[in-house]
Amino acid sequence: MKNLIAGNWKMNGTLESCLALARGVVEGIQADPQLLKKNEFLICPSYPYLVLVQAELTQAVALGAQDCAVKNNGAHTGDVSAEMLKNINCSYVILGHSERRADHREQDGYIAEKAAMAHRAGLNTIICVGETEEQREKGIQEEVVGEQLRDSLPTHVTAENTVIAYEPVWAIGTGKSATPDDIAAMHGFIRDQLEDENIRILYGGSMKPSNAADILTIENVNGGLIGGASLKAEDFLGIAKAAE
Ligand code: 13P
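Residues numbered from 1 in each chain as written. Predicted model: local features only at pLDDT ≥ 70, side-chain atom pairs only at ≥ 80, totals over all residues. Heavy atoms only, no water.

End to end, helix H1 (residues 15–31) covers 24 Å across 17 residues, agreeing with the expected 24 Å (1.5 Å per residue, within 8%). Those residues of H1 lying buried are Cys18, Leu19, Leu21, Ala22, Val25, Val26, Gly28 and Ile29. Where H1 is buried, its residues touch helix H2 (35–38), strand S2 (39–44), helix H3 (50–54), strand S3 (61–65) and helix H11 (233–242). (Helix = DSSP H or I, 4+ residues; strand = E, 2+ residues; numbered from the N terminus. Expected span 1.5 Å × (residues − 1). Buried < 20%, exposed > 50% of the residue type's maximum accessible area, 1.4 Å probe, protein only. Contact = heavy atoms within 4.5 Å.)

Take unusual backbone geometry next. With phi around 50 degrees, Arg105 is a residue other than glycine that occupies positive phi space. Take Arg105: it is sitting in the loop between helix H5 (98–103) and helix H6 (108–121). Since its relative accessible area comes to 72%, Arg105 is described here as exposed. We note that Asn220 has phi near 70 degrees; this positive angle belongs to a residue other than glycine. Here Asn220 lies in the loop between helix H10 (209–216) and strand S8 (223–226).

This part is about the environment of Gly224. Looking at the secondary structure, you find Gly224 in strand S8. In this structure the C-alpha to C-alpha distance between Gly224 and Glu16, which are 208 residues apart in sequence, comes to 25 Å.

Close to the ligand lie 13 residues, the nearest being Lys10, His97, Gly173, Ser206 and Gly228. One of the side-chain nitrogen or oxygen atoms of Asn8 is found 3.0 Å away from an oxygen atom of the ligand. Relative to its free-state accessible area of 310 Å², the ligand is covered by the protein chains to the extent of 95%. Along the lines of polarity and charge, the residues of the shell around the ligand split into 4 nonpolar, 7 polar and 2 charged. (Near = heavy atom within 4 Å. Polar contact = N/O pair within 3.5 Å; in protein donor to acceptor, adjacent residues only side chain to side chain. Areas by Shrake-Rupley, 256 points an atom, 1.4 Å probe, with all protein chains shown as cover. Nonpolar A, V, L, I, M, F, W, Y, C, P; charged D, E, K, R; others polar.)

It is worth spelling out the environment of Leu194 at this point. Residue position: Leu194 is located in the loop between helix H9 (180–193) and strand S7 (200–203). Accessibility expressed as a relative area gives 10% for Leu194, which makes it buried. For the pair formed by Leu194 and Thr179, sequence separation is 15 residues and the distance between their alpha carbons is 23 Å. Residues in contact with Leu194, not counting those within four places in the same chain, are Leu153, Ile164, Ile199 and Ile201.

The terminal C-alpha atoms of helix H8 (residues 141–152), which comprises 12 residues, lie 16 Å apart, in line with the 16 Å expected from a rise of 1.5 Å per residue. Those residues of H8 that sit buried are Gln141, Val144, Val145, Gly146, Gln148, Leu149 and Ser152. In this structure, the buried residues of H8 make contact with H5, H6, strand S5 (124–129), helix H7 (133–137), strand S6 (162–166) and H9.

What follows covers the pairing of S2. Taken across its 6 residues, S2 has 5 buried, putting it largely inside the fold. Two strands pair when backbone bridges link them, and strand S1 (residues 3–8) and S2 are joined in this way by 6 bridges, in the parallel orientation. Bridging from a neighbouring strand, Asn3 pairs with Asn39 of S2. (Pairing = 2+ DSSP bridges.)

Turning our attention to the side chain of Ser230. Relative to the assigned elements, Ser230 resides in the loop between S8 and H11. Accessibility expressed as a relative area gives 1% for Ser230, which makes it buried. In this view, Ser230 contacts Gly7, Asn8, Trp9, Leu21 and Phe236; residues no more than four positions away in its chain are not counted.

We now examine the nonpolar core. Counting residues in hydrophobic clusters, the biggest one holds 63 residues, and the most contacted among them are Phe41, Val53, Leu85, Ile164, Ile190 and Tyr203. Ranked by the residues each element gives to this core, the list is headed by H1, at 7 residues. When near neighbours in sequence (up to four residues on either side) are disregarded, Ile164 contacts Ile127, Val129, Leu149, Leu153, Ile190, Leu194, Ile199, Arg200, Ile201 and Leu202. Residues Leu4, Cys44, Ile126 and Ala165 belong to the second largest nonpolar core, which totals 13 residues. (Core = buried A, V, L, I, M, F, W, Y, C linked by side-chain atoms within 4.5 Å.)

Moving on, we get to the pattern of salt bridges. Oppositely charged side chains can form a pair if their charged atoms are brought close together. This model, assessed by the stated rule, comprises 12 salt bridges. Among the salt bridges present, the one from Glu40 reaches Arg200, with a minimum N-O distance of 3.2 Å. Highlighted residues: Glu40 in strand S2 and Arg200 in strand S7, separated in sequence by 160 residues. Residue class for Arg200 comes out buried when judged on its relative accessible area of 12%. The residue Arg136 makes a salt bridge to Asp182 at a minimum N-O spacing of 3.6 Å. Taken as a pair, Arg136 in helix H7 and Asp182 in helix H9 lie far apart in primary sequence, 46 residues in all. Look at Arg136 and you get buried, because its relative accessible area is 19%. Put simply, Asp67, Arg100, Glu106 and Lys114 are held in one network by salt bridges that share partners. (Salt bridge = Lys/Arg side-chain N within 4 Å of Asp/Glu carboxyl O.)

So, in structure tokens, the structure goes:
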């Protein structure tokens, strides 16, 4: 199974900087096509930039969104449906990111409904799970992640339509990634909860070129969901290179 190296650009950039970043990623892969032997690449810009970023991409880089609506098209002001994302050639959508769980009070059942909607539209979902620092200190990280997996995954989850991202909340944007032992333990736990053994499990949280080799070589780590380091083409591709 190839690693999925996914960039979550979050709410960053201008149109100009996002187009330049997309071009940088495409050109970096063209300069080092070996990268495609073991990796697939995905970038997830903000909604307003999706269409124009898509025009910069080649087959080597897939496009994804960072969220979608729980409803289909219709009277839902401000929402963007999974069908719309599919229509502009997105192939993935990130759902249940901890920032959405926190900022928009998204809960497991709601995320599962969104995922079902996305699957119906033909999108792959990247469903995020992960414990807070407080939960880890209490030692209840497996209970927390186990519940998130049980309740935020829709029915009919397969390797063809779903990727899981384990993102410990305390490791996101802090510069402090989880230790290889903690990652190995949690990814093993997640693997045991999934029926389809080919579902990819990504790690996310302060991934960068300097820790990527240690992380991407852990059993049951099938790629990364990268925030800060995905905003520089060199660092984003450096993560894939480090694992070679
Ligand atoms: P950072 O890589 O900036 O820690 O963000 C991780 C993340 O939240 C990706 O979805």
